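Descriptive structure summary
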Amino acid sequence: MQIARLPDTEQQRLEALAAYEILDTDAEQAFDDLAKLAAQLCQTPIALISLVDPSRQWFKAKVGIEACETSREIAFCAHAILQNELFEIPDARQDPRFANNPLVTGPPHIRFYAGTQLRTPQGHAIGTLCAISNQPKSLSNEQKQGLQSLGRAVISQMELRRKLKEIRQINQ
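Presented here is an overview of the structure given in this document. (Residues numbered from 1 in each chain as written. Predicted model: local features only at pLDDT ≥ 70, side-chain atom pairs only at ≥ 80, totals over all residues. Heavy atoms only, no water.)

Our focus in this paragraph is helix 2 (residues 29-42). Three- or four-residue spacings in an α-helix give side chains the same orientation, since the helix completes a turn every 3.6 residues. With 14 residues, helix 2 ought to run about 20 Å at 1.5 Å a step, and its terminal C-alpha atoms sit 20 Å apart, in line with that. Phe31, Leu34, Ala35, Ala38, Ala39 and Cys42 are the residues of helix 2 that are buried. Seen along its axis, helix 2 keeps its buried residues to an arc of 140°; they face one direction. Away from its buried face, by an angle of more than 90 degrees, helix 2 presents the exposed residues Gln29 and Gln40. Where helix 2 is buried, its residues meet strand 1 (46-52), strand 2 (56-63), strand 6 (125-133) and helix 5 (141-170). Immediately downstream of helix 2, the backbone of Gln43 shows phi near 55°, a positive value. (Helix = DSSP H or I, 4+ residues; strand = E, 2+ residues; numbered from the N terminus. Expected span 1.5 Å × (residues − 1). Buried < 20%, exposed > 50% of the residue type's maximum accessible area, 1.4 Å probe, protein only. Arc of directions from axis to C-beta. Contact = heavy atoms within 4.5 Å.)

Once that is clear, we can look at the state of the cysteines. In this structure the tally under the stated criterion is zero disulfides. Unpaired in terms of disulfides, Cys68 finds its nearest cysteine sulfur in Cys130, a separation of 14 Å. Since its relative accessible area comes to 44%, Cys68 is described here as partly exposed. Cysteine Cys77 shares no disulfide, and the gap to the nearest cysteine sulfur, in Cys130, comes to 4.0 Å. According to the relative accessible area criterion, Cys77 is buried, its value standing at 2%. (Disulfide = S-S within 2.5 Å.)

Our focus in this paragraph is the packing of aromatic side chains. Enumeration over the complete set of coordinates arrives at four aromatic pairs. Where Phe76 meets Tyr113, the ring centres are 5.3 Å apart and the plane angle is 35°; that geometry is what we call tilted. With Phe76 in helix 3 (residues 76-80) and Tyr113 in strand 5 (residues 112-119), this residue pair connects regions lying 37 residues apart in the sequence. Residue class for Phe76 comes out buried when judged on its relative accessible area of 2%. Judged by centre distance (6.1 Å) and plane angle (65°), the rings of Phe87 and Tyr113 are edge-to-face. On the criterion of sequence distance, the pair formed by Phe87 in strand 4 (residues 87-89) and Tyr113 in strand 5 is long-range, its members being 26 residues apart. Exposure remark for Phe87: the relative accessible area of 6% places this residue in the buried category. Each member of the aromatic cluster is reached from another via a ring pair, and the members are Phe76, Phe87, Phe98 and Tyr113. Over the ring of Phe112 we find Lys137; its NZ or CZ atom is 5.8 Å from the centre of that ring. (Phe/Tyr/Trp six-rings, centres within 6.5 Å; stacked < 30°, edge-to-face > 60°. Lys NZ or Arg CZ within 6 Å of the ring centre and 35° of its normal.)

Before going further, it helps to examine the pairing of strand 1. Among the seven residues of strand 1, seven are classified as buried, and the element is accordingly described as predominantly covered. Side chains Ile46, Leu48, Ser50 and Val52 project from strand 1 onto one buried face, and the interleaved Ala47, Ile49 and Leu51 project onto a second face that is buried too. Of the strand pairs in this sheet, strand 1 and strand 6 are connected by six bridges, and their pairing is antiparallel. Along strand 6, the bridge assignment pairs Ser50 with Thr128. In this structure, strand 1 lies alongside strand 2, joined through six bridges in antiparallel fashion. Along strand 2, the bridge assignment pairs Leu48 with Lys62. Counted between consecutive antiparallel strands, the loop separating strand 1 from strand 2 contains three residues. (Pairing = 2+ DSSP bridges.)

Structure follows, in structure tokens:
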């Protein structure tokens, strides 16, 4: 198993994530709906909105999994945030970065992973919208484009949430 390196802009990335004040918040329908759409679009049993903090990936929304977070050391999303394009692993058992990962060798037995980066307007990848299956597969170009569109919608929702909070604070 290969642990993902830290991004060169890790401190700025973490500051951008903190500015959303979203970690450890309750479930929200808008985010849950986007995760459900990702699972349907990609035809996978699992989809997550995953935010990567210093030590873990925390799930703002989830479909098909009970866990609320995992260690950053074993997180596929920690690798995905380092990419500029959609990050797709057709069969994790065949990828030396993940073949011995406990999420592959044990529950939920990840075989397929596709994650699109959640990029702030300033360009910081704070997490992913990802689709996961326990069966090897690949996404079509249409599915890849759709997942990326949904990822942009997640960031738009986060921006809206942040701006509404700012307006409420001004009006108090």
